[in-house]
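# Structural overview for review
Listed here are the chains, written in short residue letters.
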Amino acid sequence: MADRVTVIGWDGSPLTAAARSALGAATLVAGAAHHLALPQVPPGAERIRLGSVALAARRIAGHRGSAVVLADGDPGFFGVVRTLRAPEFGLEVEVVPGVSSVATAFARAGMPWDDAQVVVAHRRTLRRAVNVCRAHTKVAVLTSPGAGPAELGLLLEGVHRTFVICEELGTDREQVTVVTSDKAADHTWRDPNLVIVIGGSVAPGVAKEEGGWIAGRAPGTAPRGWALPAEAYGGDLGEGEGELLRAAQLARLGPRVGDLVWDIGCGSGAFATEAARAGAAVIAVDRDLEACARTEAAARGFGVQLQIVRGTAPHVLENLPEPDVVRVGGGGAAVVSAVADRRPQRIVTHAATRDAAELVGRGLTEHGYQVECALVQSVELDTRAWTETERSVAFLLSGLLPDRTA
């Protein structure tokens, strides 16, 4: 095992005394090509060009001498330190950090970033990174080849955002460009780059100059709890939007950060708004103009980001991006079948009768879903006289696609 392993973060500024000392004593140096070209790298040191960090860690573990790993920015923030410290390598590392590329990018933009989400976009995670950009007003995206500004812009179709694109930060070729998301695909961007994605409404009651107390979130004034009553959404709710049924649907779907939720037949916007409050990206669909307006007002009132699409399902669904979970609030078996063709991991809907529930359930089963059905009954009481004021009954159906990972 190496006698000493030092990880040095490089941000383009001169190396610190501690970094120069460790690098000068190194008998093995690992890093990208531009790191290995630094004049401070000892000419007699073994050099490893970093591709797979795991492979480099195995080489370092078998090395006798002092090893240095060079990385851009802060190597402890979405960087090489996590892999190097994995138990299978048995490496104890010292870290000399640089300024992270995220901090540098926001500094170039002159913006605070304690309220920003930070995501990594690879080809396998690009869709989830895009969903975070849909759902949040300020996101820093650490890009990679094939998952850069152009791809982000294309996948954000229908959602307006502003991109601050920072190319080759800390080098002589550094460039910062501001474009709208729909124009990002019109350019060729140099790697490495980082994209700050901003836009959308601010949570109500929060002054922009106020600070928060937790990173990645803006302070909010939304009421506690889920499945809020009708008054929170402007009055009467439609069929299938009752508080207990909505709570059960939310529990079955479990919307979370990185997910894309479809809410088909969004009605008052109650379900769509609460799914967005959980951090998910949401596309709310309804053919009724008033329903779309109510949904927009609900989202604005809670300070969440929704994309609202007016149209009739199932036809309007054809051009929407792939969902992770779907609530079908209207349209019956035909719409549920069209949704199942898109293979979301989870689907929930409701039916008023057992026959209708069975028809929907059989359709989900034929599409390969594991189906559950429960009769949900709620009775509202006036607690002054303990008399019944309202009763609702519905069949709650949920489908889980077992071959799709979470």
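Here's what I pulled together on the structure shown here.

So, how was this worked out
Residues numbered from 1 in each chain as written. Predicted model: local features only at pLDDT ≥ 70, side-chain atom pairs only at ≥ 80, totals over all residues. Heavy atoms only, no water. Pairing = 2+ DSSP bridges. Helix = DSSP H or I, 4+ residues; strand = E, 2+ residues; numbered from the N terminus. Axes fitted to C-alpha atoms, helices over the stretch in contact; angles between N-to-C directions. Core = buried A, V, L, I, M, F, W, Y, C linked by side-chain atoms within 4.5 Å. Buried < 20%, exposed > 50% of the residue type's maximum accessible area, 1.4 Å probe, protein only. Contact = heavy atoms within 4.5 Å. Parallel < 35°, antiparallel > 145°, perpendicular 65-115°, else oblique. Left-handed = near helix turned anticlockwise from the far one by under 90°. Nonpolar A, V, L, I, M, F, W, Y, C, P; charged D, E, K, R; others polar. Patch = residues over 30% accessible without salt bridge, like charges linked within 9 Å, V, L, I, M, F, W, Y side chains within 5 Å. Areas by Shrake-Rupley, 256 points an atom, 1.4 Å probe, with all protein chains shown as cover. Salt bridge = Lys/Arg side-chain N within 4 Å of Asp/Glu carboxyl O. Phe/Tyr/Trp six-rings, centres within 6.5 Å; stacked < 30°, edge-to-face > 60°. Lys NZ or Arg CZ within 6 Å of the ring centre and 35° of its normal.

### Quick word on the sheet that holds strand 3 (residues 46–49)
Strand order in this open sheet of five strands is 3-2-4-1-5, and the pairing throughout is parallel. Both outer strands of the open sheet, strand 3 and strand 5 (93–96), are each paired with one neighbouring strand and no more. Put simply, the sheet's adjacent strands are angled 20° from each other on average, direction ignored.

### Things to note about the nonpolar core
Grouped together as the largest cluster of nonpolar side chains are 26 residues, with contacts concentrated most on Trp 262, Ile 264, Leu 317, Val 328 and Val 339. Elements that contribute at least two residues to this core include exactly strand 11 (260–264), strand 12 (281–286), strand 14 (325–328), helix 11 (332–340), strand 15 (346–351), helix 12 (354–366) and strand 17 (387–400). Considering every element that reaches this core, the biggest residue donor is helix 11, with four residues. Not counting chain neighbours up to four residues away, the residues in contact with Trp 262 comprise Ile 283, Leu 317, Leu 320, Pro 321, Pro 323, Val 325, Val 326, Arg 327, Val 339 and Arg 342.

### Focus: the pairing of strand 17
Judged from the six bridges that link them, strand 15 and strand 17 form a sheet pairing that is antiparallel. Bridging across to strand 17, Ala 351 finds its partner in Phe 395. Both strand 16 (residues 370–382) and strand 17 contribute to a ladder of 13 bridges, which runs antiparallel. The residue bridging Leu 375 from the neighbouring strand is Phe 395, located in strand 17.

### Re the packing of helix 11 against helix 12
Two numbers describe how helix 11 lies on helix 12: the axes approach to 9 Å, and their chain directions differ by 15°. When the axes of helix 11 and helix 12 are compared, the pair comes out roughly parallel. Judged by the sense of rotation from one axis to the other, the crossing of helix 11 with helix 12 is right-handed. Facing Ala 333, Val 336 and Ala 340 of helix 11, the residues of helix 12 in contact are Leu 359, Val 360 and Leu 364. Of the residues belonging to the contact of helix 11 with helix 12, the class tally is six nonpolar, no polar and no charged.

### Brief notes about the sheet that holds strand 11
Hydrogen bonds between backbone groups are what pair the strands of a sheet, and the pairing can be parallel or antiparallel. Pairing within the open sheet is mixed, and its seven strands lie in the order 13-12-11-14-15-17-16. Because the sheet does not close on itself, it has two edges, and the strands there are strand 13 (307–310) and strand 16. Each strand axis lies, on average, 20° off the axis of its neighbour in the sheet, ignoring direction. With four bridges joining them, strand 12 and strand 13 adopt parallel strand pairing. From the neighbouring strand, Ile 283 faces strand 13, where its bridge partner is Gln 307.

### Let's talk about a nonpolar patch on the surface
The grouping of Phe 77, Phe 78 and Trp 113 at the surface amounts to a nonpolar patch, some 290 Å² of accessible area in total. The residue Trp 113 is located in the loop between helix 5 (101–109) and strand 6 (117–120) in this model.

### Focus on the packing of aromatic side chains
Scanning all chains against the criterion turns up three aromatic pairs. Their ring planes at 10° and their centres at 6.0 Å tell us that Phe 106 and Trp 113 sit as a pair that is stacked. A cation over an aromatic ring shows up here: Arg 277 above the ring of Trp 226, its NZ or CZ 4.5 Å from the ring centre.

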